Amino acid sequence: MRTRLFVPLIAALMPLTGLVFAQHQHGQGDGKRFQDLSNAKGIAPDVVSKLTYERLVRAASEPQNWLTYYGNYNGQRYSSLDQINAGNVKNLKPAWTFQYGNVGLVASPALYSFEAAPIVVDGVMFVSGWEGYLWALDAKTGDLLWQYQHAIPLDTPLCCGNVNRGVAVANGKVFVATVNGYLVALDATNGKVVWKKVWCDVRAGESATLAPLVVKNLVIVGSSGAEFGVRGHIDAFDIDTGNRVWRRYNVPKPGEPGIETWGGGDAWARGGGTAWITGSYDPELDLVYWGTGNPGPDFDGDTRNGSNLYTSSVVAFDPDDGKLRWHYQWTPHDVWDYDGVNENILFEQDGRKLLGHFDKNGYLFILDRTNGSFVRATKFARADWGEIDETTGKVTVLKPPTQTGVMANPGPAGAKEWPHGCYSPKTGFLYTPVIEATANFKWKRQQFKESLPYWGGEASVVGEHWGEVKAFDPRTGKQAWAIREKSPMVASLLATAGDLIFTGRPNGEAVAYDARSGQELWSYQTGSGIHSNPVTYSVDGKQYVAIPSGWGGWLEGFAPGLFGGSRGNALFVFALPD
Amino acid sequence: MNTRTWLLPVAVFATIGLSAMSSAQTAVGELLRLLRPEVLRQLNNDVLRLVNFLPEVDGPNKAIIARLFAHGGLGHAKIQKDGSHRFSLRVPNGQFIFRPAIIVMGKAGKLDIDVKNEDEFSHHQILLPNNGGRMFMQFAPGETKKTTIELDGPGLYWFGCPVGNHAGRGMLGLILVLGETPDEAKLDRPRQKR
C-alpha cells in the first residue's frame, strides 16, 4: 500500500525536480575526476607545441626523442643512441616503473593488454594503455604529469583484446584513437580535449587500436574489425580543426578499380581489408605505405571469388588525398586470416629505395617502394599454406581450408603477428620476431549479420608452438642468424646503434640480443608477458629503454598455451647505473 | 516476501542477457524490461511468482550474503531542453544497491546525475564513466551530490561504489546509451542485416 501512495507522490514532484535540473549547469559539480585524487601534477612541460612536421621528417636527427610510432617515418624502429651497447648492456637496471592497475569492469576483461609504443618528446613521455587510458609521464623519473581516460563501452566489438598501440604528437597536441572508434586530440600540456571525432561504427563491428600517424597537417588513422565483415578504411583529419579531409576504402565498391576481384554480387560490402597498424611514410616520394587486413569472411573464400583487392596488401597512397598510387598483394585471395597489416620498413640499398615487409603468411618481401615492383621474397618461418616463388613472387596455393579441416602453417596469427620487426642501418640486417604454430583451418558457410563476427569457418592452433627471433640480410635474402625461443615471440623488436636488439618474451622477460650474432646479452623479469613496442630515448644525456609489460591480446591465435599467463600493466624503463 | 528482491534479478538478467534461460522465460524477461520499476513494484506477488524463474537462488539465507547479485532495476534518463540527459539515483538504506541500477540514455552526450545516500550508517562513493576520466563522488549518510558526465554512444558502461566490497555486494550499475553511431562514421555500403 505504501508503494502505491509513493508512486503518485513522486510523479507529482517530478516536474519540480525538472525545474531544478533545468537550471543546472553542466560541470563537474560535486564530482572530481578520479585522476585528480592522485599524485598527478595535472600539467606537463610545453614540449609538443614546437614539434612541427619538419621535425618529424628529421626525427633521426634527434635520437633523444621517440617522436612517432616507429620512432621515424621509415618504420625502421632503429635508434642511433649507443650509450647502452653490447659491451655494457649486462649492467642495465630498472630506472623507474609506472603502473596502472585496472579499476572496475573492463571490456575484454581477460585480454586487455599493454601494447603501446611510448612517445618521448624532450623529457616528456606520452603512453597509452587499454581501456582508453593515456598518461603523460616525466621520462626521467616516471612521475605522472597528467592522465586522460576515454570511457570505453563494455560491449565494444573487439575481435582480439582491449588494446591501444600508442599516440601521435604534433603542434601542441596528442592524438589517440579510442577502441570505440573516436579520434581525440588533446592539449599536450594538460590532457584536455581540443577536438573529438567519431570515425568508426561500433554498431557495424568496427573499432580502432592503432597509433595515429601525423603527416604534414593531417592525422591519419585506419579501422579495425575485419573479423566482423566491415569495409576497411583509412581516414585523414586536419590536425588543428579535426575536420575529415579524406577517407579511402581498402575494398572497392561497384564502379571502382578492383571490384572485378570480388566475384560479383555484394561481397565487397563485407570485404574486410581493415588497416589496424600504423603506416610508414617516405617524405621524398611523398608516399604513405599502409598494410591492409584480411578479406571477410576470413576462411570461406567461395563467397568472394577473385583476388579480393586491396585486402592482405600494402597500399601506397598520396597523403594529401588518400589516392592510391600502387599496391602489392601479399596473399591474394587470403583464406587463412593472414592479413597484410604488418609494418613496411623503408630502407635504402645500393641507391635503391626499398620496402621490407615480414608478412603473417611467413614470407619476407622486398619491394621497390617507388613503384611497388617485386624484388625478392624469402620464407622466414614454416609456411606450407602455399608457395611463393622467391624470385618472381608467383603464388601457388597448396592448402586452402576445407570443410573437415586442413593443417597448415602458419596459424591464423601468422608467422609473425603485428609486433614489429626492425632494421639496423649499422648491421644492414632486417630483424623479426617469429611465431611457429600450426592450425587446423576449416570453412563453413555463414549468414552475415552486422556486428557479429563473420569468420566463415574457424582455425584452431594445435600442437606445439614456439618462437624465434631472426635476422636477414636483405641484399641476399639469406638468414644471418636465428635464436629459438620457448614461446612464440610477440613483442616488437628495437634496434640500436649499440649493436643491440631489444624485445620481450611472453614469460615476462625483457631481453637484449647482440644485433650481429643473436647472442642473448641481458634479460630482466618484468612479471607479465610482453606484447608491446619497446622504445629508447635519452634525457640529460642518459639513455633509457622503455618496455610496456602486460600480457593479453589475441592469445587464442598466437599462444593458446599461454592463455593463463600472469596479467599485468606496467611500464618498465631501464638505464645503466650512474 | 519482498517484492523488490524477487524482481530485481529478473530485470537484471533480462536486460544484460547473462542467463541461460528458456525462450519462454526470455519472453517474460523482455516483457518485464518494458515495464517501469514503479509499475513492477506494484504487481501482485503471485503474478511475480509465476514470472520469476530464479526464486530458488534469490536470497537463500535472507541476507546480503549469498543472495543473487542484488540490483535496483532500470530507469530512463530524461532529456533536458539543451538535449542533455538527467537522472536521479538513490542508495536505499541498508540494501547496498543503487536504485535504479540500470540507467538508459536515449543518445550519447552529457548526463547530469544526482545521487542520494539514504543509508543511515554507511558511507558510499560512486565512480561514474566519463570521457576524460571517471567521475568520483563520496557521500556521508544522508548526503546528496550531483555531477555531470559525458559518454559516447552507442554503448554499455558500468558504474559502482568503490568503498570496501560494496560493488561485489550489489553496488554495481550500468549505463546503456542507445542510438546509432553518428552518420559521419557509417560505412559506405548497402544496409546490412542485423
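Starting from 1, residues in each chain are numbered consecutively following that chain's sequence as written. Whichever chain is written first is A, and whichever ligand is written first is 1; the rest continue in order. Thresholds applied to this predicted model are a pLDDT of at least 70 for local features of residues and 80 or more for the giving and counting of side-chain atom pairs; totals over whole chains, interfaces and linings are not thresholded and use all residues. Water and hydrogen atoms play no part in the side-chain values, which are based on all heavy atoms of the structure.

With that settled, consider the overall build of chain B. The number of helices and strands found in chain B is four helices and 10 strands. Helical segments are the DSSP runs of H or I of at least four residues, strand segments are the runs of E of at least two, and each set is numbered from the N terminus. Going from N to C terminus, chain B has its helices and strands arranged as α-α-α-α-β-β-β-β-β-β-β-β-β-β. Out of the 194 residues belonging to chain B, those deemed buried represent 52%. Residue contacts are counted whenever heavy atoms from the two residues lie within 4.5 Å of one another. Within chain B, residue pairs in contact and separated by at least 24 positions form 64% of the contacts whose partners lie at least 6 positions apart. Each accessible area is a Shrake-Rupley estimate made with a 1.4 Å probe; only the visible protein chains count as cover when residues are assessed. A total of about 8700 Å² of accessible surface is found on chain B, and carbon and sulfur atoms cover 57% of it. Note on exposure labels: buried denotes an accessible area under 20% of the residue type's maximum, exposed denotes more than 50%, and partly exposed covers the range between, all computed with a 1.4 Å probe on protein chains only.

Let us now look at the overall build of chain A. On a plain count of helices and strands, chain A comes out with three helices and 37 strands. Taking 25 Å as the expected radius of gyration for a compact globule of 578 residues, we find that chain A reaches 24 Å, a close match to that expectation. Across the 578 residues that make up chain A, the buried fraction comes to 65%. Within chain A, contacts between residues at least 6 apart in sequence are counted, and of these 60% link residues at least 24 apart. As presented, chain A carries roughly 18900 Å² of accessible surface, and 52% of it is formed by carbon and sulfur atoms. Charged side chains of chain A number 52 positive and 58 negative; the gap between the two group centres comes to 3 Å. To get the radius of gyration, use the C-alpha atoms; to get the globule rule, take the number of residues to the power 0.38 and multiply by 2.2 Å. Counted charges follow a simple rule, with Lys and Arg positive, Asp and Glu negative, and His plus the chain ends left uncounted. For the purpose of locating charges, the reference atoms are NZ of Lys, CZ of Arg, CG of Asp and CD of Glu.

So, on to the state of the cysteines. Residue and element names in this part refer to chain A. In this description, the term disulfide denotes a pair of cysteine sulfurs within 2.5 Å. Enumeration over the complete set of coordinates arrives at one disulfide over all chains. Between the sulfur atoms of C159 and its disulfide mate C160 the distance is 2.2 Å. A torsion of -105° about the S-S bond marks the disulfide between C159 and C160 as left-handed. By relative accessible area, C160 is classed as partly exposed at 21%. No disulfide involves C200; its sulfur sits 13 Å from that of C159, the nearest cysteine.

Residue and element names in this part refer to chain A. If DSSP finds at least two bridges between two strands, the strands pair. Pairing is antiparallel across the open sheet formed by four strands, whose spatial order is β16-β17-β18-β19. What marks the edges here is a single partner per strand, and that holds for β16 (280–282) and β19 (324–329). Averaged over all pairs of adjacent strands, the angle between their axes in this sheet comes to 20°, without regard to strand direction. Direction of pairing for strand β17 (residues 287–291) relative to strand β18 (residues 313–317): antiparallel, over a ladder of four bridges. All axes here are fitted lines through C-alpha atoms, helices being fitted over the stretch that makes contact, and every angle between N-to-C directions spans 0 to 180 degrees.

Our next topic: the interface of chain A and chain B. Across the boundary between the two partners, chain A contributes 62 residues, which contact 53 residues of chain B. Two parts placed together each lose some accessible area; with a 1.4 Å probe, that loss summed over both constitutes the buried area. Across the interface of chain A and chain B, roughly 4800 Å² is buried in total on both sides, 53% from carbon and sulfur atoms. Among the ionic pairs, A:R203 bridges to B:E180, the shortest N-O distance being 3.7 Å. Identification of polar contacts relies on pairs of N or O atoms within 3.5 Å, with a donor-acceptor requirement for protein atoms, meaning one able to donate a hydrogen and the other able to accept it, and with residues adjacent in sequence counted only if both atoms are side-chain atoms. Applying the counting criterion to the chain A and chain B interface returns 35 residue pairs in polar contact (both at pLDDT 80 or more). Secondary structure elements with two or more residues in the side of chain A that touches chain B: α1 (2–22), β1 (32–33), β7 (144–149), β11 (193–198) and β15 (244–249) of chain A. Take the side of chain A that touches chain B: its biggest share by element is eight residues, from α1(A). We call Asp, Glu, Lys and Arg charged. Ala, Val, Leu, Ile, Met, Phe, Trp, Tyr, Cys and Pro are nonpolar, and the rest, Gly among them, are polar. Taken together, the residues that form the side of chain A that touches chain B break down as 26 nonpolar, 18 polar and 18 charged. Note: β1(A) against strand β7 (residues 135–139) of chain B, two bridges, orientation antiparallel. Pairing of A:K32 across the sheet is with B:F136, part of β7(B). The working definition used for a salt bridge is a side-chain nitrogen of Lys or Arg within 4 Å of a carboxyl oxygen of Asp or Glu.

A few words on the pairing of strand β32 (residues 500–504) of chain A. Residue and element names in this part refer to chain A. Among the five residues of β32, five are classified as buried, and the element is accordingly described as predominantly covered. Here β32 shows a buried face lined by L500, F502 and G504 and a second buried face lined by I501 and T503. In this sheet, β32 lies alongside strand β31 (residues 494–496) in antiparallel orientation, the contact comprising three bridges. Directly across from L494, in β32, lies its bridge partner F502. With five bridges joining them, β32 and strand β33 (residues 509–514) adopt antiparallel strand pairing. Directly across from L500, in β33, lies its bridge partner D514. The turn linking β32 back onto β33 is made up of four residues, and G508 within it adopts a positive phi angle of 105°.

This part covers the side chain of B:D112. All names here are of chain B. Looking at the secondary structure, you find D112 in strand β5 (residues 109–117). At 7.7 Å, R86 is the nearest oppositely charged side chain to D112, a buried residue that forms no salt bridge. Side-chain polar atoms of D112 contact the side chain of Q80, separated by 2.8 Å. A polar contact is formed between the side chain of D112 and the side chain of T148, at a distance of 2.6 Å.

Moving on, we get to the confidence of the model for chain B. All names here are of chain B. Confidence scores labelled pLDDT are given residue by residue by the predictor and lie between 0 and 100. Averaged over every residue, the pLDDT of chain B is 79; the share at 70 or more is 65%. Between residues 1–27, whose pLDDT stays under 50, and residues either more than four places distant or in other chains, the model counts 48 contacts. Scored as a whole, the predicted complex attains pTM 0.91, and scored at its interfaces, ipTM 0.92.

Two measures describe an aromatic ring pair: the distance that separates the ring centres and the angle between the ring planes. Residue and element names in this part refer to chain A. Aromatic rings from Phe, Tyr and Trp, with only the six-membered ring used for Trp, were paired whenever their centres fell within 6.5 Å, and each pair was classed as stacked if the ring planes differed by under 30 degrees, edge-to-face if by over 60, and tilted otherwise. Evaluation of the coordinates by the stated rule reveals 46 aromatic pairs over all chains. Ring centres 4.9 Å apart and planes at 80° place the aromatic pair W522 and F574 in the edge-to-face group. Residue W522 is located in strand β34 (residues 520–525), and its partner F574 is located in strand β37 (residues 570–575); the two are separated by 52 residues in the primary sequence. Assigned by exposure class, W522 and F574 land together as buried.

Time to look at the pairing of strand β30 (residues 478–485) of chain A. Where strand β29 (residues 457–473) of chain A lies against β30(A), seven bridges are found, and the strand directions are antiparallel. Among the inter-strand pairings, A:V469 is bridged to a residue of β30(A), identified as A:I483.

Residues and elements named next belong to chain A. With antiparallel pairing, the four strands of this open sheet are ordered in space as β4-β5-β6-β7. At either margin of the open sheet sits one strand with a lone partner, and together these are β4 (119–121) and β7. Each neighbouring strand pair of the sheet contributes to a mean axis angle of 15°, computed without reference to strand direction. With five bridges joining them, strand β6 (residues 133–138) and β7 adopt antiparallel strand pairing. Residue pairing across strands places A136 opposite W146, the latter belonging to β7.

Attention now moves to unusual backbone geometry. Residue and element names in this part refer to chain A. The peptide bond linking G296 to P297 adopts the cis configuration, its omega dihedral lying at -5°. Tracing the chain through its elements places P297 in the loop between β17 and β18. Following L309, the chain continues to Y310 via a peptide bond in cis, the omega torsion being 0°. A positive phi angle is found at K216, which is not glycine, with a value near 55°. By the secondary structure assignment, K216 is in the loop between β12 (213–215) and β13 (218–222). Positive phi outside glycine occurs at N308, with the angle close to 65°. In this structure, N308 sits in the loop between β17 and β18. A relative accessible area of 0% means that N308 is categorised as buried.

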